[in-house]
Amino acid sequence: MNPDRIDEALLPEDDRAIKFLPRYRGLKVIGPIVCGFLNTSGGSLICGANSREAIMGLENVHSLVHDVEQGLANGISPGALVSVQAHEVGTKNVLIIEVPAGKDLPYAFENVIYILDNYEIKKADIEIIRDMVLRKQTEPERWERRFSSIDIQKDLDIHEINSTVDAVVERARLTFRDRNSTIRILEDLGLCRYGRLTNGGDVIFGANPAIRHPQIRVRAACFTKSKGDDSYIDMKSFEGPLVPILEEVFHFIQRNTPTISTFEKGSLIRRDEKLYPIAAIREGLVNAFVHRDYSNFSGGITIEIYPDHLKIENAGRFPEGVTADNLLSGHISILRNPDIAHVLYLRGLMEMLGRGSVMIKKACEERGLPAPTWSEEEHSVTLTFFAREITPEVTPEVTPEVEKLLGVLRGEISRRDLQDILGLKDNEHFRKAYLLPALHENMIEMTLPDKPKSSRQKYRLTKKGKALIEGFHV
């Protein structure tokens, strides 16, 4: 980060969406500013700076993060997602509070409603409040806020609720009124009203929400070729509470993407890394779960893994004002599902708002990968990661297991014969450690690609595999 400026820590928004405080002045000052941002178009508050260039810094900034998070969680009503982070600018620390435009107007801080008017924070008068309330009454209630038909006494995943409480308490981002009351916990998380669970609460904590909401399912597949062939080597459908699904899908992607081994220049130490940056994949998945259009009952999330690219597609469109171009430079988050996003933030699965796309791009660049792309079709948004192209002059890296497999594969051989030649008895180990990686890397191919489970299936080297074998014997 540039030691003299704060540009890398701020989103490239109009300065009217940014306020600076040279020092921390307490929640009595910060709370009304955050409330004003929520009631208008969102914005960023930076404590410890006078401008982008004039950085004063703050002492004990990390302890301030906890105090501010707790104070805003207790003082802002209704509850809202507000990101509070400490950032290092050169040798100095600043506190950055990012606030999206709220979806549950009007918001109040300590029972007073504030707005941002001509760059100034002021109390809302009766006419402004009346206008907010009338607009809220005329707008359709968003899907996540509607009541679910779930039986709150029978159909909740209590283990997932307890896991969430433990994660939130560990990060000290919210104080629960009564950890022994499920209803109170859900109310504190903004997922329960009048004793009834919302759709958002059902998606996150329902034991089997797909029964009521089939659109929450995630479909994932790993294909043998990049195009022109729909043969797959792994396919699975996921359903259940949101966070466990997210984790299972993440592990599916990790399982079906190769590990690249490299040696840093001048070093004998080998570094093993997944083909795509782990943090970028996780961020892409979180964004898909948070921003998808849950009201589209024919929608869902689809993961497609190919040898040279990976696609994460979710139902919905770009939020208003967001385009594929400005995603690459960052934007104040416009949240389609702020209640769901709030819980993921409290659990530590989301951090700085509006900066996920920038982090994804930067992580790919640092890995030497092509820039990822976002595209919008009629009913879906797709994030695509691209693998590094392998030129004829470069010998691709493979695992020792794949190298052994290629070394014994001559002509067309069945799976059973390959295992016997290699002296391997564990079918699943052979499949995951030898066969699938070799297929995924396009080193070998099936003789019957249209019938992957045929008893007559055999395997043979591809041109890429033959070229690599020749390199082994040089």
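If you're wondering where the values come from, they're calculated on a predicted model, not measured in any experiment.

**Comments concerning the sheet that holds strand β15 (residues 301–305)**
Then comes step 1: Taking strand neighbours across the sheet as the criterion, the 6 strands line up as β12-β11-β15-β16-β18-β17 in an open arrangement whose pairing is mixed. Unpaired on one side and paired on the other, β12 (232–238) and β17 (373–376) mark the two borders of the sheet. If you compare each strand with its neighbour and ignore which way they point, the axes differ by 15 degrees on average.
Then comes step 2: In this sheet, strand β18 (residues 380–386) lies alongside strand β16 (residues 309–315) in antiparallel orientation, the contact comprising 7 bridges. Paired with I312 across the strands is L383, a residue of β18.
Then comes step 3: Helix α7 (residues 242–255) contacts β11 (218–223), β12, β15 and β16 of the sheet and is inclined by roughly 175 degrees relative to β12.

**Let's talk about the environment of P258**
Then comes step 1: When you line up the elements, P258 lands in the loop between α7 and β13 (259–263).
Then comes step 2: Overall, the relative accessible area of 16% leaves P258 in the buried class.
Then comes step 3: Linking P258 and L275, residues 17 residues apart in sequence, is a C-alpha distance of 5.8 Å.

**Some remarks on helix α1 (residues 27–39)**
Then comes step 1: With 13 residues, α1 should cover 18 Å at 1.5 Å per step; its first-to-last C-alpha distance of 18 Å lies within 8% of that length.
Then comes step 2: For α1, the tally of buried residues reaches 10 of 13 residues, placing the bulk of the element in the interior.

**Some points on the packing of aromatic side chains**
Then comes step 1: Summed over all chains, the structure comprises 6 aromatic pairs.
Then comes step 2: On the numbers, 6.0 Å between centres and 55 degrees between planes, the contact of Y276 with F385 is tilted. Separated by 109 residues along the polypeptide, Y276 in the loop between β14 (270–274) and α8 (278–291) and F385 in strand β18 bring together distant segments of the chain.
Then comes step 3: Overall, the relative accessible area of 0% leaves F385 in the buried class.
Then comes step 4: Each ring, one from F430 and one from Y434, has its centre 5.8 Å from the other, and the planes form 20 degrees; the classification is stacked. Residue F430 and its partner Y434 are located together in helix α14 (residues 427–440), separated by 4 residues, close to a single helical turn.
Then comes step 5: The ring of Y119 has K19 sitting right over it, with the charged end atom 4.3 Å from the ring centre.
Then comes step 6: In this structure, R282 packs its charged tip against the face of F250, placed 4.2 Å from the ring centre.

**Some thoughts on the sheet that holds strand β2 (residues 43–47)**
Then comes step 1: Reading across the sheet, the 4 strands line up as β1-β2-β5-β4 and stay open at both edges, with mixed pairing between neighbours. Either end of the sheet is taken by a strand with one partner, and the two such strands are β1 (18–21) and β4 (83–89). Here the average twist between neighbouring strands, direction ignored, is 20 degrees.
Then comes step 2: Here β4 pairs with strand β5 (residues 92–99) via 7 bridges, running antiparallel. Of the residues in β5, the one forming a bridge with H87 is V94.
Then comes step 3: Contacts from α1 reach β1, β2 and β5, with the element oriented near 165 degrees to β2.

**Thoughts on the pairing of β2**
Then comes step 1: In terms of residue burial, β2 counts as a mostly covered element, since 5 of its 5 residues are buried.
Then comes step 2: Strand direction decides the pairing type here: β1 and β2, joined by 4 bridges, are parallel. Residue L21 lies in a different strand from β2, and its bridge partner there is C47.
Then comes step 3: Each parallel crossover has a hand, and the one from β1 via α1 to β2 is right-handed.
Then comes step 4: Looking at chain direction, β2 and β5 are connected through 5 bridges and run antiparallel. When the sheet's bridge partners are listed, S44 is paired in β5 with E98.

Conventions adopted
- Residues numbered from 1 in each chain as written.
- Predicted model: local features only at pLDDT ≥ 70, side-chain atom pairs only at ≥ 80, totals over all residues.
- Heavy atoms only, no water.
- Pairing = 2+ DSSP bridges.
- Helix = DSSP H or I, 4+ residues; strand = E, 2+ residues; numbered from the N terminus.
- Axes fitted to C-alpha atoms, helices over the stretch in contact; angles between N-to-C directions.
- Contact = heavy atoms within 4.5 Å.
- Buried < 20%, exposed > 50% of the residue type's maximum accessible area, 1.4 Å probe, protein only.
- Expected span 1.5 Å × (residues − 1).
- Phe/Tyr/Trp six-rings, centres within 6.5 Å; stacked < 30°, edge-to-face > 60°.
- Lys NZ or Arg CZ within 6 Å of the ring centre and 35° of its normal.
- Right-handed = clockwise from strand over helix to strand, strands pointing away.

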